[in-house]
Amino acid sequence: MLPFFIVAMAVAATVAEPKFATVDNLLNLATQMMPLLILAVGQTFAIISGGLDLSLAAVMSLAGVIGVLTMADYGPFAGVAMMLVTGIVMGSLSGGIIAYFGVSPLVVTLGILSVAQAGALILSSGVPIYNIDQSYASAIGFGTLLGIPSMVWIGVACAIVGGLVMRHTVFGRHVYAVGSSVSAATKSGVNVKLTTVLVYAASGLCAALGGVVLTAWVGSAQPVAAPNLTLESLAAVVLGGVALTGGSGGIIQAVYGVIILSMLSNIMNMIGVSAYYQTLVIGVVIIIAVVLDRLRTVAAR
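Parameters and conventions
Residues numbered from 1 in each chain as written. Predicted model: local features only at pLDDT ≥ 70, side-chain atom pairs only at ≥ 80, totals over all residues. Heavy atoms only, no water. Helix = DSSP H or I, 4+ residues; strand = E, 2+ residues; numbered from the N terminus. Polar contact = N/O pair within 3.5 Å; in protein donor to acceptor, adjacent residues only side chain to side chain. Contact = heavy atoms within 4.5 Å. Axes fitted to C-alpha atoms, helices over the stretch in contact; angles between N-to-C directions. Parallel < 35°, antiparallel > 145°, perpendicular 65-115°, else oblique. Nonpolar A, V, L, I, M, F, W, Y, C, P; charged D, E, K, R; others polar. Expected span 1.5 Å × (residues − 1). Buried < 20%, exposed > 50% of the residue type's maximum accessible area, 1.4 Å probe, protein only. Phe/Tyr/Trp six-rings, centres within 6.5 Å; stacked < 30°, edge-to-face > 60°.

1. A few points about the side chain of Q43
Now for step 1: In this fold, Q43 is placed in helix 2 (residues 23-48).
Now for step 2: There is a polar contact of 2.8 Å between the side chain of Q43 and the backbone nitrogen of D53.
Now for step 3: Of note is the side chain of Q43, whose polar atom sits 3.2 Å from the side chain of S233.
Now for step 4: Sequence-distant contacts of Q43, defined by excluding residues within four places in its chain, comprise L52, D53, L56, S203, T230, S233, L234 and V237.

2. Let's talk about the packing of helix 8 (residues 170-180) against helix 10 (residues 192-218)
Now for step 1: Interhelical geometry of helix 8 versus helix 10 gives an angle of 105 degrees and a closest axis separation of 10 Å. When the interaxial angle is binned, helix 8 and helix 10 end up roughly perpendicular. Where helix 8 approaches helix 10, its residues F171, H174, V175 and V178 are matched on the opposing element by V192, T195, L198 and V199.
Now for step 2: When grouped by side-chain class, the residues that make up the contact of helix 8 with helix 10 number 6 nonpolar, 2 polar and no charged.

3. Quick word on helix 7 (residues 150-168)
Now for step 1: Between its terminal C-alpha atoms helix 7 stretches 26 Å, which fits the 27 Å expected from 19 residues at 1.5 Å a residue.
Now for step 2: Of all the residues in helix 7, the buried ones are S150, M151, V152, G155, C158, A159, G162, G163 and M166.

4. Details of the packing of aromatic side chains
Now for step 1: Counted under the stated rule, the structure contains 1 aromatic pair.
Now for step 2: A centroid spacing of 6.4 Å and a plane angle of 20 degrees characterise the contact between F45 and F171, whose relative ring orientation is stacked. With F45 in helix 2 and F171 in helix 8, this residue pair connects regions lying 126 residues apart in the sequence.
Now for step 3: For F45, a relative accessible area of 5% puts it in the buried group.

5. A word on the packing of helix 6 (residues 134-141) against helix 7
Now for step 1: In contact at an axis separation of 6 Å, helix 6 and helix 7 are set at 70 degrees when each is read in the N-to-C sense. Relative to helix 7, the element helix 6 is oriented roughly perpendicular. Note on element contacts: helix 7 touches helix 6 through S150, M151 and I154, opposite A139, I140 and G141.
Now for step 2: Tallied by class, residues from the contact of helix 6 with helix 7 come to 4 nonpolar, 2 polar and no charged.

The following block contains the structure:
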């Protein structure tokens, strides 16, 4: 029903504010939702495997800071590469601790959140870094291809690749198996520990990719970049229909959730709703998403 709900939201928004359906606003909406979409893809990997990742926004901040500092000496390609490597390393660290020490993903990723956030603040001295490479900012943050912003192409590509990996690879099947039952997956010959490490490495990679697009878009490396994106990614994934218990759902459900949250925010901005009330609405949506997930789980039993 979510696609129909999205269409109904769009129609209602257009009736309330005709500017919503303009090409400029739709492109702006698509651009704004890309960082959330990319992080939601990583969050989907973690949740389907039976865990979750609370460190996404912090890893994104750390990757952005390290990348911009690297660009100053070695150029944009090296900077982007360092961002991606940073995300993979931090994600693998989370996955390794979870897999080999049997610690709760919530506790581990919360700890990694603090480590990554502290690292970003220390490296940046607690202030945004504005002297980023202009060619990088122009190409990714403000460039277009066929009239569509580069950020949109990157976000869509991330979602497509994530969906293909989850549905059409052995690794994807192993992720579903681990999320459904660790015991059954182990007995079936799945390397649960390696799968867990790879899941969080993928999540960290998505966080870093989010840092690539967000840093280019805002024109600076923020040591505390969009901290709400982690909870919003969690809300989007659950709202879209991915079970918090793991083992079911997919990237397309996360995409639905991201579209709904982003449209809601865009509509409230256009009709002049205060930022305070917007935060309240997002909080209510998160609660509703969790309740719906619980109701789905009970109904499935």
